[in-house]
Amino acid sequence: MILSYNSIVEIANQIIDNGNIPTDRLVMVYSLPSKQHLKLDEDLFYRINGADALFEPSDIIEIEVAGINFRIEIEKKIEENLEN
């Protein structure tokens, strides 16, 4: 599944509808390949700011949907993780 605005909304709705998942201070964290991250970042940016806004990519996307926080980061390569 490719993470998109619609899939984020669906994930949030599934969590809310479940009722057994505590949502207080829940943060969903995703790591995406850079191209997918950029596409999602751009889509969310224009949804919020309109088509005339000047898009500048960010390394971390934070969005709240239905009271659930989502944090989407750029996936680090294994070599980068070993260095840190």
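Residues numbered from 1 in each chain as written. Predicted model: local features only at pLDDT ≥ 70, side-chain atom pairs only at ≥ 80, totals over all residues. Heavy atoms only, no water.

## Quick notes on the environment of Glu-73
To keep things clear, this is the line we draw: Helix and strand assignments follow DSSP, with helices taken as H or I runs no shorter than four residues and strands as E runs no shorter than two, numbered in order from the N terminus. Buried, partly exposed and exposed residues are distinguished by accessible area as a fraction of the type maximum, computed with a 1.4 Å probe on protein chains only: under 20%, between the cut-offs, and over 50%, respectively. The contact rule is simple, with two residues in contact once any of their heavy atoms fall within 4.5 Å. Here a polar contact is taken to be a pair of N or O atoms separated by no more than 3.5 Å, where protein atoms must pair a possible hydrogen donor with a possible acceptor and residues adjacent in sequence count only if both atoms sit in side chains.
Structurally, Glu-73 is set in strand β3 (residues 68-74). By relative accessible area, which is 24% here, Glu-73 ends up partly exposed. Spatially, the C-alpha atom of Glu-73 lies 8.9 Å from that of Glu-62, the residues being 11 residues apart in sequence. Setting aside anything within four residues of it in sequence, one finds Glu-73 in contact with Val-29, Tyr-30, Ser-31, Leu-32, His-37, Asp-59 and Ile-60. A polar atom in the side chain of Glu-73 sits 2.7 Å from the side chain of Arg-71.

## Here's the deal with helix α1 (residues 5-18)
To keep it simple, the criterion reads: What a helix is expected to span follows from its residue count: subtract one and scale by 1.5 Å. Working note: the arc is built from the helix axis to C-beta atom directions.
Taking 1.5 Å per residue, 14 residues should reach 20 Å; α1 reaches 20 Å between its end C-alpha atoms and fits that length. Residues of α1 that are buried include every one of Ser-7, Ile-8, Ile-11, Ala-12 and Ile-15, and no others. Projected down its long axis, α1 shows its buried positions confined to an angular sector of 140 degrees, all on one face. Exposed residues pointing more than 90 degrees away from the buried face of α1 are listed as Asn-6, Gln-14 and Asp-17. For α1, the elements touching its buried residues are β1 (27-32), α2 (34-49), β2 (60-65) and β3. Phi turns positive, to about 80 degrees, at Gly-19, one or two residues after α1.

## Quick notes on α2
Because the α-helix completes a turn every 3.6 residues, residues three or four places apart line up on one side. In this model α2 runs 22 Å from its N-terminal to its C-terminal C-alpha over 16 residues, within 8% of the 22 Å that 1.5 Å per residue would give. Within the sequence span of α2, burial applies to Gln-36, His-37, Leu-40, Asp-41, Leu-44 and Phe-45. For α2, the buried positions fall inside an angular range of 165 degrees around the axis, keeping them on one side. For α2, the exposed residues lying more than 90 degrees away from the buried face are Lys-35 and Lys-39. As for α2, its buried residues are in contact with α1, β1, β2 and β3.

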